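Listed below are the residues making up each chain.
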Amino acid sequence: MVTVAQRAAGVLESNIWLSLWFMLIALVAIGALVAFLGMGLIYAERKIAARFQCRLGPMRVGPHGILQTVADTIKLLLKEDIIPAQSDKIMHLVAPFLALSATVLILAVVPYSPILQVANPNIGILYVTAISGLSVMGILLGGWSSNNKWSLIGGMRSAAQVISYEISATLAVLVVVMFSGTLSLAGIVQSQQAGWWLWRMHGVGIISFLIFIIASTAEINRTPFDIAEGESELTGGFHTEYSGLRFAFFFLAEFINMFVASAIAVTIFLGGWMPFYIGGFEHFNRVMTIIPPSMWFAGKTAFLIFIFMWFRWTFPRLRVDQLMRLEWKILMPIGFINLIAAAVIVIQKFYFFPE
Amino acid sequence: MTAAIKTLDELLTSPTETNRSLSTEEYFLNMGPQHPIAHGSLKLVLLMDGETVRKVIPVPGFVHRGIEKMCEHLGYRQIIHLTDRMDYLSALMNNWAVSKTVEKAAGIETNGRIETIRTIMAELQRLQSHVLWWGVLGMDLGAFTAFMYAFRDREIIGEIFEETIGARLTMNYIQPGGLMYDILPDFVSKVKKLIAYLKPIIEEYDTLLSGNVITQERLRNIGILKAEKAIGLGCTGPVLRGSGIPYDLRKLEPYGAYDKVDFDVVIGTKGDCWDRYYVRIEEMRQSLKIIEQLIDNIPEGPHSVAKINYKIVLPEGTYYGQIETARGVLGVFIVSDGKNETPYRMHFRSPSFNNLWTVTQIVPGWRIADLIAIQSSLDLVIPDIDR
């Protein structure tokens, strides 16, 4: 199958104008995806939270409050954008965009279906790891430039947290890289033709999946790891001094981040757009094949997003030192041992479903 | 021994030089009056070293309404409605404290029906207060779902109050010489239904929050309040009982119908946040037990022994009465000149005020997130501090 990215690469060699057209379409598509995800995820979060909390959630704007997010966006657009007098103005203005752009950049390499992927760099995993580390810059800058002690504490917490948990997330991802033998995200999905890495990796897969989910929750600053925001402690943390659209950008970045974390977890552990097959059940497998790959991807991602939301509306918040202890004393040693175990399995060719 | 009184400015201009081994800069942080943890308007000035709190200076007074002064211009039955506004989560118990003191001073004898209904209402209020506290603690720790669960159940208790009293928050129900209204015929069956509903709900609270490993991590061994210190600071209520002192006025000097019922005084062992947490959770169960024993045995009789609109003039002298509210001992001190129907001087010893000062003793050295947990475990109501 020729992906959009490959086709574009071909075009790029032959015709510069066509390639520019491709870039424009990709840009618009990603923009539309961001807008759609923002609207959809915020609505879903509110409705799911409402279900957890024995209430209805948004019900007034549109049927079952579907248009609530639209109304909120308009309200945020019209709101006055307050910049604190003593703040570092340029940094204050730049920070929300930095936070959002870091996450949007990752959307470009996620394989949504066999043909739908904006770019397929052969170092996709490295790219994702590098860019997701960039998102902390937005939060740190936002916290620092606000010139507010609460924001500064939030920003500092966030920096320490994201940098720490990135190690665990990377260790978990490395396990899959060793098994699949490729850094390309599309390549990793293709390597799961015979079965998802989650259970094909002989136990280490489940451990690294759990580590990745926990580390991702911390990286995207969600409860129980939302100490950077901590609305009951830090009155909103890094975005205390933000209002209007700039606040909306931070808000949007959080939700896109959640999608990105789920999408990456799906891609490397849950087979990306690959359907779910059970060996021996021919009819079941045929039904599974009918469902288009993009639907598979969306469904799996939605499931993981639901798990993130489930976390958020069930758990209390960890304290900052407990958070660090969890990472450096528990998750990282397990991650390293897991990596070594995975290396042994890879060298011994000890697969569940040998190709 | 009298301690030297320092103004806030003096306190602020003398940062401590302790524990600066890492040569970090200490800074002041204003927590409140507009802060989610204030649950009202309380300002805490914190001396911080990074995330660690070095010193806490409470600055109350943002909700001061001069209730004690206002009392000097009102008759004793009019004072009742002001007491609703002090600790609004135990309004009925505040009513009762004033009524009890005035009744004792004026020599008014109440009947069994009045005392039983008062006790049931007070325990319902204690339940309501503790349920709300549980939810707010969950919210402070970051579990917002607990807050919504608590409000769901608080509403159900509120409906019973609304039906009998006509108000959900500011009750103005218990007054010197009786009750404002009699209970409705279906009150008993409704309360029974409530007990049947709340019993499994408290177990649900345990599954939702108490058993959670993060909650335990956040509360256990945090903010240990030693028993001597708690007594020294004048703490009462669940804060004192959490430190292991079985001081409960309902048992020690029984009033109302508490001498007729069988219930346990719950105490903690260590005095950490978890003990204070669990004392309140257990107190909810004990309250249910008390209501259960009384609800079938409400004696017959009038709901008020005093005539409507009569004026109470207390004989000259000073009077003190106290009661165990949801937060601790509420003392009412009345000075009467024996001539007017208004008190010459009225003072309230409110539990939240004394409990507040524990933060100055137990918070230093803990992190800012622990301060949240500690303050939440103290269950402060800010209008009760300021009055």
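Residues numbered from 1 in each chain as written. Chains lettered and ligands numbered in written order. Predicted model: local features only at pLDDT ≥ 70, side-chain atom pairs only at ≥ 80, totals over all residues.

1. Section: the overall build of chain A
Thinking step 1. Within chain A, the secondary structure is distributed over 13 helices and 0 strands.
Thinking step 2. For 355 residues, the compact-globule formula gives about 20 Å, and the C-alpha radius of gyration of chain A, at 21 Å, lands near that figure.
Thinking step 3. Referenced to the eigenvectors of the C-alpha coordinate spread, the extents of chain A come out at roughly 65 × 50 × 45 Å.
Thinking step 4. Out of the 355 residues in chain A, the part that is buried amounts to 45%.
Thinking step 5. The long-range share in chain A, meaning contacts at least 24 apart out of those at least 6 apart in sequence, stands at 79%. (Helix = DSSP H or I, 4+ residues; strand = E, 2+ residues; numbered from the N terminus. Rg over C-alpha atoms; globule rule 2.2 N^0.38 Å. Buried ≥ 20, exposed ≤ 12 C-beta atoms within 10 Å, placed from the backbone. Contact = placed C-beta atoms within 7 Å.)

2. Some details on the sheet that holds strand S3 (residues 52–59) of chain B
Residues and elements named next belong to chain B.
Thinking step 1. An order of S1-S2-S3 is seen for the 3 strands of this open sheet, with the pairing classed as antiparallel. Two strands close off the open sheet at either side, each with one partner strand: strand S1 (27–31) and S3. Along the sheet, successive strands turn relative to each other by an average axial angle of 25°, direction set aside.
Thinking step 2. Inspection of the sheet shows S1 paired to strand S2 (residues 43–49) by 5 bridges, in the antiparallel sense. Each residue of the ladder has a partner; that of Tyr27, found in S2, is Met48. (Pairing = 2+ DSSP bridges. Axes fitted to C-alpha atoms, helices over the stretch in contact; angles between N-to-C directions.)

3. Remarks on the sheet that holds strand S6 (residues 317–324) of chain B
Residue and element names in this part refer to chain B.
Thinking step 1. Pairing is antiparallel in the open sheet, where 3 strands are placed in the order S6-S7-S8. Bordering the open sheet on either side are S6 and strand S8 (345–349), each of which pairs with just one other strand. On average, each strand axis in the sheet is inclined to that of its neighbour by 15°, with strand direction left out of account.
Thinking step 2. In this structure, strand S7 (residues 329–336) lies alongside S8, joined through 5 bridges in antiparallel fashion. Each bridged residue has a counterpart across the sheet, and for Phe333 the counterpart in S8 is His347.
Thinking step 3. Lying over the sheet, helix H4 (residues 91–106) contacts S6 and S7, oriented at roughly 145° with respect to S6.

4. Things to note about the packing of helix H6 (residues 144–165) of chain B against helix H7 (residues 187–210) of chain B
Residues and elements named next belong to chain B.
Thinking step 1. Running from N to C, H6 and H7 point in directions that differ by 170°, and their axes come no closer than 11 Å. Comparing their axes, H7 and H6 come out roughly antiparallel. Here H6 and H7 pass one another in a crossing that is left-handed. Of the residues in H7, those in contact with Ala146, Tyr149, Asp153, Ile156, Ile157, Ile160 and Thr164 of H6 are Phe187, Lys190, Val191, Leu194, Tyr197, Leu198, Ile201, Leu208 and Leu209.
Thinking step 2. Residues that form the contact of H6 with H7 fall into these classes: 13 nonpolar, 1 polar and 2 charged. (Parallel < 35°, antiparallel > 145°, perpendicular 65-115°, else oblique. Left-handed = near helix turned anticlockwise from the far one by under 90°. Nonpolar A, V, L, I, M, F, W, Y, C, P; charged D, E, K, R; others polar.)

5. Digging into the domain arrangement of chain B
Residues and elements named next belong to chain B.
Thinking step 1. Looking at chain B, the domain boundaries give domain 1 (8–59) and domain 2 (90–311 + 355–379).
Thinking step 2. Look at where the C-alpha atoms of domain 1 and domain 2 centre, and you get two points 32 Å apart.
Thinking step 3. Across the boundary between the two partners, domain 1 contributes 9 residues, which contact 15 residues of domain 2.
Thinking step 4. Split into classes, the residues belonging to the side of domain 1 that touches domain 2 amount to 4 nonpolar, 2 polar and 3 charged. (Domains from an automatic or database assignment.)

6. Looking at the environment of A:Val287
Thinking step 1. Relative to the helices and strands, A:Val287 is located in helix H11 (residues 282–290).
Thinking step 2. Here the alpha-carbon distance between A:Val287 and A:Pro275, two residues 12 residues apart in the chain, equals 9.8 Å.

7. As for the interface of chain A and chain B
Thinking step 1. With 23 residues of chain A in contact, the opposing surface of chain B contributes 27 residues.
Thinking step 2. Elements supplying a minimum of two residues to the side of chain A that touches chain B: helix H6 (149–180) and helix H13 (320–348) of chain A.
Thinking step 3. Looking at the side of chain A that touches chain B, the element that brings in the most residues is H13(A), giving 3 residues.
Thinking step 4. In terms of residue class, the side of chain A that touches chain B is built from 9 nonpolar, 6 polar and 8 charged.

8. Here's the deal with the confidence of the model for chain B
Thinking step 1. Counting all residues, the mean pLDDT for chain B is 85, and 93% of those residues have values of 70 or more.
Thinking step 2. Complex prediction metrics read pTM 0.85 and ipTM 0.81. (pLDDT = per-residue confidence, 0-100.)

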